[in-house]
Each structure stands twice: as C-alpha cells, then as structure tokens.
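Inside the fold
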Amino acid sequence: MTTTSALASLTTADSLFVDGLYESAIDHYTAAICHSDDRHDDAAALDGTKTSDRLTLRFLSLSHRSAAHLALSHHRAAYVDAKEALSLIQVHRYDFAVADAGKPSGKLRYEQLAACHDRCAKALLGFDDKKVDEAKSNWESAMTLAAMVKDGDGLVDRYRRSLEELETGAARADGASETKKETSANEAKSTGQAETRPNSSRTFAEIPASKAQTVNAVADHPSTLATQTPKYQYYQDESWMKIQILEANLTPQTLTVSVTSTDLTVTAIKNGTSYTVICGDLYEPVLPERCRTIYKEEKVLIKLKKAESGEWHALLDDKKKKKKDKKKAVETEAQQAVEDTMQTKEQASPPQPNNKQSSIPRPYATTKDWEAINRSLAEAEENEKPEGEEALNKLFRQIYANASEDTRRAMVKSMQTSGGTVLSTNWDEVSKADYEKERIAPKGMEWKNYEGDKLKMKEDD
C-alpha cells in the first residue's frame, strides 16, 4: 500500500465525519491507519514516498479517529488513538522534524498537534476523572502550541477555559476532602486519639521552562469577542452543495431555511435577536423538493440538490443581486416620479365640484400617470452609461435617429456595400462611390472570395 491510498481514505473519512456519519468515518480512518503502517516503509522508499509524509498521515488518521470516537462517547478508544498519535511525535521526532521548542515542519501544523492534546485530555476525563494531572498537562501543551498559531487567540482561550474548569473542579474535590479530614481529626481529638494529618496541598505538573514565557504572554492577552452572527461554511461534490451552520443547539424554531430553485435564505434567532446568515441568489439552480436540512447538536447541515451536475464557482451569484438592486432602484425612481407628478397636478388643478357625474366610474379609468412612467424609464435608459462595443453601437443609433434622410441613406449604403468596413454620413460622397469595386479592408486584413482567391482592393491600384 502507498501513501496515496492512505490519503484517499483519510479524505473520505473527513468528509463522512463532517456529515455526522461517525461510524463510517471510523472505518475509513482505520483503513488510512493500515495504509500508513510502518511495515510499508520499504515499499514507500521504492515509490519515492518520504517517511515524514507517511508519519504525518498516520498522525492525522489517529487524531481524527480519536475525534470520531469522542463524538460517539467511546472515551477509552478515543484516548488510545490520541495517545498513540502523540507518541509518534516522541518516537519519530526527527522524521517529523520536530524541534525542542515544539515547532513541527512539513504538513503538520501547530493547531493539529494542539487539537490532539485537547482530545487526549477530554477522552481521559471521560472514563477516569481522577487523572487530573495528565489532563492538565495535555491542555497546557495545547495552549502552548495554540499560542504559536497566527491569530490563534480563540484556540488559546478555549483551552484555557477547559483548564480553568478542570482546576475549579479539582479545587472543589480537594476542599471536600479537606473538610472530611478535619472532621475526622476533630473526632479523634475528642476521643483522645493522636491526630494524623497528611499534607493536603496539591501540586500540579508545571509548564516546562521553554514554554512558560509563551503561555504567560498569551494569558495576559485580552480575549477576542466572537462575532454574534452564526458562521457558516460550504463544500460540494458533483451533485450536492452542502452548507454547515456552525452554531450549536439550533432547532427548526430558531433556524429558518427557505429554498427556491434560484434563491436561499437562512435566518437564525440567537439570544432573542434575529440574524440573517445567508440571503441571495444561488450560483446555479437547485431542486427544492430534494433539498434537506439536518439539525444536529453541534451544527446544522443544509444539503442542496443541484439541478445540473457540475462544480459551482461560489455559493451565491453577486452579479444577479446587483442586477436586481439596479432594477429595483429604477422602479423606485419611476414610482417617485409618478408620485411627484400626481402631487404637482393636485396642487395646480382647482378643486372639482362634488357632483354625482364625477363620481361615476369610467371604463379603463386609472390614477397612474403612464406618460410620467414612460418619461422616467426613458430618462433612466439615457442615463445608463454602456461600455465598450455597446457604447459604440449606442452612439451610431443616436446618430442615425437624429440624422436627415440623406445621412441615413449614406450610412445604410456605405455599410452594406462595403461589407461592414465603411460607415459614412456624407451622401454626396457615398452616392458616387462604388465600394463593391473599390474595396477597403482594415489594416492587416484583405478581401478574398469563397474559393480563397484574393480580390482587388483600393490599395492595390
């Protein structure tokens, strides 16, 4: 087996994990781990695969399988996978090119190492809440690695909160234990027995000296407030566009998804406030009857069935939105012009006598001033500024529309008889010229007949 097989299995497993199919994801992670086993080192050497690439894939497969086990509450299995992944760093530190300061090279990133330490701590406390020291050490390492990530303040804050919750829980447990020991000692005194009181202070594993400065600097840094609007991300295949709303504990009552064949609107209610998460025209049409919304505890998955298979360049098409906004602006201006005209007429016209004849409805009667609407639309068209060839065509149309009869005849004849190479407005010149005999071609071009023979042109004379 080669590294290519391991990478394919890992990619498939990650996709299944995102869709919430954790058991299927575990099967593919296991296949990736088997393909990246160290027994394939000789085969890898033959096909040019680096040992560091194989070890990186093995680390990621173990770490991600640990996350899948955690999602299914398989805490022992998650701990074993995370521990084995971290042991690869210790055993093969030179193959991973990990320096003493904990700086990995190659494809492995700081946040991936930090996430593995985080999973190891959570899995450990999931089945043995007494191993506080080991869990604390893992979260300290996670904080140190996260501090090396660019814009990694959010990760550092998250790991720090986990560490603080752990220390608070341990302090409560120590306090309860101390109270119990003091009560026992007081009872022993009252009965004349000697008090035996062991040292109840608790010493946690300290951060290594090489990492302490980084962690302290991060601890003093103010935390960044998260944006209130729920975030989302999307990915696709040939048939489906999948969108993840990255917000926990959303329900059909707090998240509304409206899908048509061309539009998508997603609104969420968070802390009593309504937010528009997505709103716009889809890049390509979808089949609304086959679209689905899946609500999960940690996120919401929206699956859009593409009307035609293929890749979208984006989720939403901004060009369609701009056209709609422009059309709406023109309609608003037209409506405003109508209202202004009606108001002017009402102010200018004298009050009509209130008689029965004026109140009788007339056929096709309307209060809209269609002439004002036409004028407003014509004005909007004139104010439009076309570009390129469209601007040139508009200029020619204006010249033709405002020209005299002779000028129009000159433009039509010169364009038709010259094959589109001459456009003249001088009828005195055009009426005498024979452009079919005196052919003129643009610079760098020449006239030829259908057989490919060159025809005589004016320059050849």
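Before going into details, it helps to say that this report is about the structure given with it. (Residues numbered from 1 in each chain as written. Predicted model: local features only at pLDDT ≥ 70, side-chain atom pairs only at ≥ 80, totals over all residues. Heavy atoms only, no water.)

A few points about the sheet that holds strand S5 (residues 273–281)
The strand order across the open sheet formed by 3 strands is S3-S4-S5, and the pairing between neighbours is antiparallel. The two strands at the open ends of the sheet, each matched to only one other strand, are strand S3 (255–259) and S5. Going from strand to strand, the sheet's axes swing by 10° on average, the running direction of each strand aside. As defined by bridge partners, S3 adjoins strand S4 (residues 263–270) across 5 bridges and the pair is classed as antiparallel. Bridge pairing links Val259 to Leu264 in S4. (Pairing = 2+ DSSP bridges. Helix = DSSP H or I, 4+ residues; strand = E, 2+ residues; numbered from the N terminus. Axes fitted to C-alpha atoms, helices over the stretch in contact; angles between N-to-C directions.)

Regarding unusual backbone geometry
Although it is not a glycine, Ser73 adopts a positive phi angle of roughly 65°. Secondary-structure assignment places Ser73 in the loop between helix H4 (51–71) and helix H5 (75–91). The class for Ser73 is partly exposed, based on a relative accessible area of 49%. Its identity as a non-glycine residue notwithstanding, Asn271 has a phi of 55°, on the positive side. Structurally, Asn271 can be placed in the loop between S4 and S5. (Buried < 20%, exposed > 50% of the residue type's maximum accessible area, 1.4 Å probe, protein only.)

Looking at the environment of Leu264
For Leu264, the position within the fold is in strand S4. Judged by relative accessible area, which is 0%, Leu264 ranks as buried. Through-space distance from the C-alpha of Leu264 to that of Leu304 is 9.7 Å; in sequence the pair is 40 residues apart. When near neighbours in sequence (up to four residues on either side) are disregarded, Leu264 contacts Ile243, Val257, Ser258, Val259, Ile278, Cys279, Gly280, Leu282 and Leu304. (Contact = heavy atoms within 4.5 Å.)

A word on the nonpolar core
Generally speaking, soluble globular proteins have nonpolar side chains that are buried together. In terms of nonpolar packing, the biggest core is built from 42 residues, with Phe59, Trp139 and Tyr159 touching the most fellow members. Counting only elements with at least two residues in this core, the list comes to helix H1 (3–18), helix H2 (22–35), H4, H5, helix H7 (110–127), helix H8 (132–147) and helix H9 (153–190). Here this core gets 8 residues from one element, more than from any other, and that element is H7. Core analysis: the second largest hydrophobic core is formed by 18 residues, Ile243, Leu264, Cys291 and Ile302 among them. (Core = buried A, V, L, I, M, F, W, Y, C linked by side-chain atoms within 4.5 Å.)

Some details on the pairing of S4
Alternating residues of S4 divide into Leu264, Val266, Ala268 and Lys270, all buried, and Asp263, Thr265, Thr267 and Ile269, none buried. Counted along the chain from S3 to the antiparallel partner S4, the turn is 3 residues long. Where S4 and S5 come together, 8 bridges link them in antiparallel fashion. What sits directly across from Asp263, in S5, is Asp281. In sequence, S4 turns back onto S5 through a hairpin of 2 residues, with Asn271 there showing a positive phi of about 55°.

Focus on the packing of H7 against H8
Interhelical geometry of H7 versus H8 gives an angle of 160° and a closest axis separation of 8 Å. By the angle between their directions, the pair H7 and H8 is classed as roughly antiparallel. Regarding H7 and H8, the two cross each other, and that crossing is left-handed. Contact residues: H7 offers Tyr110, Leu113, Ala114, His117, Asp118, Cys120, Ala121, Lys122, Leu124 and Leu125, while H8 offers Glu134, Ala135, Asn138, Trp139, Ser141, Ala142, Leu145 and Ala146. Within the contact of H7 with H8, the residues separate by chemical class into 12 nonpolar, 3 polar and 3 charged. (Parallel < 35°, antiparallel > 145°, perpendicular 65-115°, else oblique. Left-handed = near helix turned anticlockwise from the far one by under 90°. Nonpolar A, V, L, I, M, F, W, Y, C, P; charged D, E, K, R; others polar.)

Structural notes on the side chain of Ser66
With respect to the element layout, Ser66 can be found in helix H4. In this structure Ser66 touches Ala78, Asp81, Ala82 and Arg119, once residues within four positions along its chain are discounted.

Focus: the packing of aromatic side chains
Per the stated rule, a full pass over the model turns up 2 aromatic pairs. On the basis of an interplanar angle of 65° and a centroid distance of 5.3 Å, the ring pair of Phe17 and Tyr22 is categorised as edge-to-face. Residue class for Phe17 comes out partly exposed when judged on its relative accessible area of 26%. What makes Tyr22 buried here is its relative accessible area of 15%. With 5.7 Å between their ring centres and 65° between their planes, Tyr79 and Phe127 make a pair best called edge-to-face. Of this pair, Tyr79 sits in helix H5 while Phe127 sits in helix H7; the two residues are 48 residues apart in sequence, bridging distant segments of the chain. By relative accessible area, Tyr79 is classed as buried at 15%. The ring centre of Trp240 lies 5.1 Å from the NZ or CZ of Lys303, which sits over that ring. Taking NZ or CZ as reference, Arg409 lies 4.7 Å from the ring centre of Trp427, over its face. (Phe/Tyr/Trp six-rings, centres within 6.5 Å; stacked < 30°, edge-to-face > 60°. Lys NZ or Arg CZ within 6 Å of the ring centre and 35° of its normal.)

Coordinates in, geometry out; function isn't part of it.
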